[in-house]
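# Survey of secondary and tertiary structure
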Amino acid sequence: MKNDKDLTQMYEAIGISRPVLDFGTAVLEDLADRFREIDETAEYNQLKVLQAMRKHRVSDIHFAATTGYGYNDLGRETLEKVYAEVFGAEAALVRPQITCGTHALSVALSGNLRPGDELLSPVGKPYDTLEEVIGIRPSQGSLAEYGVTYRQVDLLPDGGFDFAGIRAAICDRTRLVTIQRSKGYDTRPTLSVERIKELIAFIRSVKPDVICMVDNCYGEFVEKLEPTQVGADMCVGSLIKNPGGGLCPVGGYIAGTEACIGQAARRLTSPGLGKEVGPTLGLLGSFYQGLFLAPTVTAGALKSAIFAANIYERLGFPVIPNGTEPRYDIIQAVTLGTPERLIAFCKGIQAAAPVDSFVVPEPWDMPGYDAEVIMAAGAFVQGSSIELSADGPLKEPYAVYFQGGLTWYHGKTGILMSLEQLCREGLVQLPS
Ligand SMILES: *Cc1c(COP(=O)(O)O)cnc(C)c1O
């Protein structure tokens with residue numbers, strides 16, 4: 001495959017040299033089948049979202065702003081029905097008042113747990129920000145302060161579920177089980193929806209009335225099914241990741257059973273008010289349109305992750321997931337081995353950003369981390385990680401975590417820019 005002359009010139013104009021572009025093109029040649037599969041999933045999910053919008057008769061009146069209490073917000077109520085439909089759930093809470101993914105998870109947990117209950121994670125340590133929500137790290141306002149205890153069963157060394165350990169950990173007080181779909185920034189494998197189904201079925205066989213919640217961050221629309229379609233009582237995520245399609249400026253969602261969503265709503269607003277209040281302030285157009293674009297945006301991010309894996313794997317760097325294994329989220333880790341390479345990689349991603357491309361990222365002491373962290377992000381929405389971004393702590397093994405890309409072409413350019421920067425600084429040698 002040869003690149004078109006105009007395209008080659010355009011890549012050169014943006015700062016990507018011929019050898020880097022040619023190397024990228026050669027890597028891409030082997031990815032055609034993978035990309036076709038991703039497109040098929042995106043097509044399926046596009047129809048799923050479209051059908052939900054048609055069924056609930058979405059109309060431009062639903063994009064109108066409400067203010068104050070936000071009583072009878074038709075747009076909000078319809079959007080929540082559309083989300084419930086897409087996630088195969090009875091109900092949903094989709095609100096700009098939910099600040100982020102951590103907040104959505106915190107609302108889902110604290111709304112559905114009571115003093116004396118126990119929370120169980122059967123898949124190891126949850127995402128960093130949940131440690132303070134749960135009280136794994138002592139924190140004011142945590143569930144632990146309200147008398148909710150926590151138990152954890154780690155995955156087996158091969159990534160499998162420790163069924164015997166889980167059975168032993170479930171007790172009378174076990175009220176809610178939290179299952180994180182994505183590995184996040186851990187090294188365990190991400191769970192497929194199929195494996196989540198198996199885990200939930202097992203938990204139900206031990207204790208039928210336990211609430212199963214899935215932290216769905218980074219997983220939405222990667223597969224054809226969502227966890228609420230295979231038995232989860234709640235699916236929770238952030239709208240500045242996959243389901244916001246890059247257009248939501250803020251927000252989180254919880255989809256699930258009427259009972260669980262009701263409890264979460266009473267925590268988000270107030271007992272007695274629940275889902276009935278919550279103005280949408282004119283933001284709903286972007287919520288609907290973002291959801292509509294989410295399947296193709298997620299597909300672009302997935303292609304970008306797979307491209308990055310194959311580029312860096314071919315150059316001899318360890319990558320998780322590897323270049324060929326199936327994907328269940330949009331995060332790519334590349335172990336670069338030295339601080340210089342980690343910094344150069346992030347510089348390249350930053351230079352490819354549509355916003356703040358002229359900024360040079362520097363490592364800094366971020367609160368809550370035990371090493372300096374470097375981050376590259378030039379996003380339209382602050383902190384949005386469905387937009388192209390990369391970060392990593394400056395410590396062994398100098399791994400970079402890479403995710404997002406609102407379009408595949410932008411993701412591709414970002415990865416090529418990272419490689420260009422590494423080559424320019426003499427930190428990587430292209431195969432001849
Ligand atoms: C991003 C993420 C969260 C937290 O979401 P924020 O929007 O950053 O608060 C929780 N769990 C997982 C797996 C995530 O990827």
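Predicted, not measured: the structure shown is a model, and the values here were computed from it. (Residues numbered from 1 in each chain as written. Predicted model: local features only at pLDDT ≥ 70, side-chain atom pairs only at ≥ 80, totals over all residues. Heavy atoms only, no water.)

As a further point, take a positive patch on the surface. On the surface, Arg114, Arg175, Arg266 and Arg267 cluster together to form a positively charged patch. Mapping Arg114 onto the fold places it in the loop between helix H5 (101-112) and strand S2 (118-121). (Patch = residues over 30% accessible without salt bridge, like charges linked within 9 Å, V, L, I, M, F, W, Y side chains within 5 Å. Areas by Shrake-Rupley, 256 points an atom, 1.4 Å probe, with all protein chains shown as cover. Salt bridge = Lys/Arg side-chain N within 4 Å of Asp/Glu carboxyl O. Lys, Arg positive; Asp, Glu negative; His and termini not counted. Charge placed at Lys NZ, Arg CZ, Asp CG, Glu CD. Helix = DSSP H or I, 4+ residues; strand = E, 2+ residues; numbered from the N terminus.)

Quick look at the site of the ligand now. Every residue lining the ligand is accounted for by Cys100, Gly101, Thr102, Leu105, Tyr127, Gln180, Asp215, Cys217, Tyr218, Ser238 and Lys241. Contact distances for the ligand include 2.5 Å between an oxygen atom and a side-chain N or O atom of Thr102. Here a nitrogen atom of the ligand sits 2.6 Å away from a polar atom, N or O, in the side chain of Asp215. In isolation the ligand exposes 380 Å². Once the protein is present, 90% of that is buried. Tallied by class, residues from the shell around the ligand come to 5 nonpolar, 4 polar and 2 charged. (Near = heavy atom within 4 Å. Polar contact = N/O pair within 3.5 Å; in protein donor to acceptor, adjacent residues only side chain to side chain. Nonpolar A, V, L, I, M, F, W, Y, C, P; charged D, E, K, R; others polar.)

Moving on: the domain arrangement of the protein chain. If you check the domain split of the protein chain, you get domain 1 (5-44 + 294-424) and domain 2 (62-291). Here domain 1 and domain 2 have C-alpha centroids that lie 28 Å from each other. Listed per partner, the contact involves 23 residues of domain 1 and 26 residues of domain 2. Around 2,200 Å² of area is buried between domain 1 and domain 2 when both sides are counted, 64% of it from carbon and sulfur atoms. Applying the counting rule to domain 1 against domain 2 returns 1 salt bridge. The tally of links from domain 1 across to domain 2 stands at 9 residue pairs in polar contact (both at pLDDT 80 or more). Of all elements in the fold, only helix H3 (32-55), helix H10 (284-314) and strand S12 (399-403) reach the threshold of two or more residues within the side of domain 1 that touches domain 2. For the side of domain 1 that touches domain 2, the element with the most residues is H10, which contributes 5 residues. Taken together, the residues of the side of domain 1 that touches domain 2 break down into 14 nonpolar, 7 polar and 2 charged. (Domains from an automatic or database assignment. Contact = heavy atoms within 4.5 Å. Buried area = accessible area lost by both parts, 1.4 Å probe.)

Take the pairing of strand S4 (residues 174-180) next. Moving residue by residue along a regular strand, the side chains alternate between the two faces of the sheet. When you tally the buried positions in S4, you get 6 out of 7 residues, the bulk of the element. Bridge count for S2 against S4 is 3 bridges, and the pairing is parallel. Each residue of the ladder has a partner; that of Leu120, found in S4, is Val177. Pairing analysis gives 5 bridges linking S4 to strand S5 (residues 211-215), with the strands arranged parallel. Bridging across to S5, Gln180 finds its partner in Asp215. Where the polypeptide runs from S4 across helix H8 (residues 193-206) and back to S5, its parallel neighbour, the crossover connection is right-handed. (Buried < 20%, exposed > 50% of the residue type's maximum accessible area, 1.4 Å probe, protein only. Pairing = 2+ DSSP bridges. Right-handed = clockwise from strand over helix to strand, strands pointing away.)

Residue Pro321 is bonded to the preceding Ile320 through a cis peptide linkage, with omega at -10 degrees. On the secondary structure map, Pro321 appears in the loop between strand S8 (319-320) and strand S9 (332-335). Between Glu396 and Pro397 the backbone carries a cis peptide bond, its omega angle lying at 0 degrees. Tracing the chain through its elements places Pro397 in the loop between strand S11 (389-393) and S12. Of note in this structure, Tyr398 is not a glycine but carries a positive phi near 55 degrees. Along the chain, the position of Tyr398 falls in the loop between S11 and S12. According to the relative accessible area criterion, Tyr398 is buried, its value standing at 14%.

With 5 of 5 residues buried, S12 is to be regarded as a mostly interior element. The side-chain alternation of S12 yields two buried faces, one formed by Ala399, Tyr401 and Gln403 and the other by Val400 and Phe402. Where S9 meets S12, 4 bridges bridge the pair, whose relative direction is antiparallel. What sits directly across from Gln332, in S12, is Phe402. Here S11 runs beside S12; their pairing, made up of 3 bridges, is antiparallel. Each residue of the ladder has a partner; that of Ala390, found in S12, is Phe402. Hairpin connection from S11 to S12: 5 residues lie between these consecutive antiparallel strands, with Tyr398 at a positive phi of about 55 degrees.

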